Amino acid sequence: MHTLKRRTRGAKGELALKIDISKAYDKVEWSFLKGMLIRMGFSDTWVHWMMLCVSSVNYSALVNFEKVGPIRPGRGLRQGDPLSPYLFIIVAEGLTSLIKKAVASGDLHGIKICRGAPAVSHLLFADDCFLFCRSNLSETRKLMEILKIYEEASGQEINLSKSEVFFSRNISSAAQEDLSNLMGVKHVMGTGTYLGLPSTVGRSKKQTFAFIKDRIWKRINSWRSRPLSRADKEMIKYVLQAIPAYVMNIYLLPDSLINDIERMINAFWWGGGDNNKGIRWLAWNKLTCTKEEGGLGFCDFQKFNMAMVAKQGWKFLNNPNSLVARIFKARYFPRSSFLDSCLGTNPSFIWRSIWKSRQVWLQGCRWSIVPLLHMVEADRVIWSAESNGVYSVRSGYRKLMQESNSTFRQTEGEAWGDLWKVQAPPKAKLLLWRICKDCLPTRTRLRNSYVQCPIECSLCMLEPEEEWHMFFECEGSIDAWSVVGLNHIILPRRHKFNNIRDLLFDICRYENKQVAGKMATLLWCLWQNRNNKVWKNNKLSAQQVGVQAAHMWNEWSVVQGISSEQQSGDQQLVANRPTIQWHNPRFGYVKCNVDASFFNIAGATGWGWCVRDHQGRFIIAGSNIMQARLNILEGEAMAIKEAMIEMIQKGFSHVIIESDSKTVVDAISSSQVGISEFSLLISSIKSLLVSNPNFEVKFVKRQANMTVHALARAAYSMSGRRVFESIPRCIENQLINDMN
């Protein structure tokens, strides 16, 4: 569409026809569907099954409260049936075949956006159709003839009154009007939307995508009448943030629009009321940090948008033969690769978005050059943030967020992580977070924000109302800690710390999660008691608040399946936990334990393997080292691969291979594929397993794999590959322990 809009010169004009099909599913002729299935080569049995699924439907209706039916239709596909979209695609294949035949005979010509680009004659997605041809009399008539034939054969009906046509600008206005009248469709300057996305993007990007903001605003207004708590508003993550995601797949939204959306959601989160006015205690960029970094994990729309669009560029790299990749290459980087492409002159907004998003994966990609893997035929670009080397929006977004939060202090992050792990209701944990982020609206803080209100504590009216006084020193809270049984937790820390944030972090770090959860629940009850006094002039005594908090936490723990004796039970379980040891393989098999070792200073990776029979007797062992620095997953996978090759060379046919890397073992059993060095190693292991069906790869905990762990660590002191037919000294004691 951008090409048609910018084409102002040339003798051959072109047009894009967007057709609307009335009741597309309801008017499909069953005989046409059956004919298409047979023509496409489906077997008679399969065609019979499909037609049974289609024709066995019947309907009933209520007329004057009486059932009428069954009514058996003679055509149409059922809406909502998961099979119907696929059957409709087969029906639409009839239109595709007619267009392809006309193009092959020269009666129709598709649109080329530039020299060397593939011609596009039609774009079909279910009942959403775009048709392209030259804007002359003969091709226009041929196109309408094709549509007429398709209508008569399939039962479909083209609604010309709702269809639209868009012409290139190199033909006269009179010719455009004549052709649109000939087709009987509306002539428009732009074709609106296709598949929910704007077909053309004008000068005002914000106006083009304003419908996203309107959708979010309508959803927020539908929630305003509901009494939602802060925890309830977590639905922002799952509802509001999902609204623009579809458009963000293709277009980079204007910064001004994104800022408006973020301000709107931020105002709703902090509860500004109907007029959306209120104090935003934290900026949106602080809420978008992960919970481990002190935020709430909300979406940073700009970075998420960038990560989403970067996925399209990744597809250009890894699917260069796709239609869209060939079109963009011919137009914007015909003599170079996508990595070396430039913005070009008069680019479309889609290309601007994709080209700008390259910065995401250019910073996280690297070339895969692995001479030790002979199956790698050519160097390729892989995404280093994923073990399989394939770019994902999740990892791209995470990388962008890490770069923007590079100044984050790790010690603080650990404290935030402990805060969210306490065993308490979500609203209590959220209150802890608000206290530690200095955004609890106490009277002192409200006065600092220029809100006219009394500064005295609403419960005792003696001291200024701030967190330390309200929760620890006020007469409305002192006795509550004794009732809950947390005085021994609070009193020593009140003398040790001089601010409530450090005190709460210390409890969350060093006390068990149940004690910290009770503390959080009591804080929530104290804050609720304060609010009831301010707004309802109704308050409880400190003892009553303590009883309320204890009752609330006990009820919550019962629902969550947490018993009061769980902590002591867990400690006893740890004390009585049996030692994990190596176990003999079943009769007829040998067990080969493997492990890898990493020597970062020397830039080397080693591994060891040890084979024992069903009675636990030592058979053979070996170790090796390579002068290359592999990551942990690659090293563990390399150890398994080399051990399997050794087993095959030694003539073992029934082998159980054990590794203490669960990630690697899970990757071997998974059907996912990738392009990284790790994925290639996993593919090699899978190939060996296929050719050796009596080989098994299993996971074992580190405690049962200590023998080969010691052997792998000793690989650095041994030069190159070593095979031990007698027990090496470095594992003698461990073998004895395994036998005992």
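Calculation notes
Residues numbered from 1 in each chain as written. Predicted model: local features only at pLDDT ≥ 70, side-chain atom pairs only at ≥ 80, totals over all residues. Heavy atoms only, no water. UniProt positions renumbered as here; feature names shortened; annotations may be inferred. Helix = DSSP H or I, 4+ residues; strand = E, 2+ residues; numbered from the N terminus. Pairing = 2+ DSSP bridges. Contact = heavy atoms within 4.5 Å. Axes fitted to C-alpha atoms, helices over the stretch in contact; angles between N-to-C directions. Patch = residues over 30% accessible without salt bridge, like charges linked within 9 Å, V, L, I, M, F, W, Y side chains within 5 Å. Areas by Shrake-Rupley, 256 points an atom, 1.4 Å probe, with all protein chains shown as cover. Salt bridge = Lys/Arg side-chain N within 4 Å of Asp/Glu carboxyl O. Buried < 20%, exposed > 50% of the residue type's maximum accessible area, 1.4 Å probe, protein only. 1 Å grid on protein atoms, 1.4 Å probe; cavity = no way out; pocket = protein on both sides within 12 Å on 5 of 7 lines; lining within 4 Å. Points joined across faces, edges and corners; volume = space filled by probe spheres on them. Nonpolar A, V, L, I, M, F, W, Y, C, P; charged D, E, K, R; others polar.

The name given to the protein chain in an unreviewed UniProt entry is Reverse transcriptase domain-containing protein, with the source organism recorded as Trifolium subterraneum.

Feature annotation in UniProt places "domain: Reverse transcriptase" (unreviewed entry) on residues 1–187, given in this structure's numbering. For residues 1–187, the helix share is 41%, the strand share is 20%, and the end-to-end C-alpha distance is 14 Å.

The next point concerns the sheet that holds strand β5 (residues 122–125). The strand order across the open sheet formed by 5 strands is β5-β6-β1-β8-β9, and the pairing between neighbours is mixed. Only two strands of the sheet have a single partner each, and these edge strands are β5 and β9 (186–187). One ladder, built from 4 bridges, connects β5 with strand β6 (residues 128–134); its direction is antiparallel. Note on β6: the bridge partner recorded for Leu 124 is Cys 129. Strands β1 (14–19) and β6 of the sheet are contacted by helix α5 (residues 137–154), whose axis makes an angle of about 150° with β6.

In this section: a nonpolar patch on the surface. Nonpolar side chains collect at one region of the surface, where Met 40, Phe 42, Trp 46, Trp 49 and Leu 52 lie side by side and expose about 490 Å² of accessible area between them. A relative accessible area of 37% means that Trp 46 is categorised as partly exposed.

What follows covers the sheet that holds strand β16 (residues 618–626). As summarised here, the arrangement of the 6 strands in space is β18-β17-β14-β15-β16-β19, forming an open sheet in which the pairing is mixed. The open sheet has two edge strands with one neighbour each: β18 (695–699) and β19 (722–724). Between one strand axis and the next, the sheet turns by 20° as a mean value, whatever way the strands run. Sheet topology note: the strand β14 (residues 590–599)/strand β15 (residues 604–612) ladder contains 9 bridges and is antiparallel.

Turning our attention to the environment of Tyr 150. Its location among the elements puts Tyr 150 in helix α5. With 521 residues separating them along the chain, Tyr 150 and Ser 671 place their C-alpha atoms 42 Å apart. Those residues within four positions of Tyr 150 in sequence are excluded, and the remaining contacts are Val 91, Ala 92, Gly 94, Leu 95, Leu 98, Gly 155 and Gln 156.

When its volume is computed, the largest pocket comes out at roughly 1,700 Å³. Of all the elements in the fold, those that place two or more residues in the lining of the largest pocket are α1 (2–6), β5, β6, β11 (197–198), α12 (301–318), α13 (323–332) and α14 (349–356). For the lining of the largest pocket, a count of residues per class yields 28 nonpolar, 11 polar and 8 charged.

You can see Val 201 is positioned in the loop between β11 and α7 (205–208). Spatially, the C-alpha atom of Val 201 lies 6.8 Å from that of Phe 349, the residues being 148 residues apart in sequence. The residues touching Val 201, leaving out its near neighbours within four places in the chain, are Lys 5, Thr 208, Phe 209, Tyr 251 and Phe 349.

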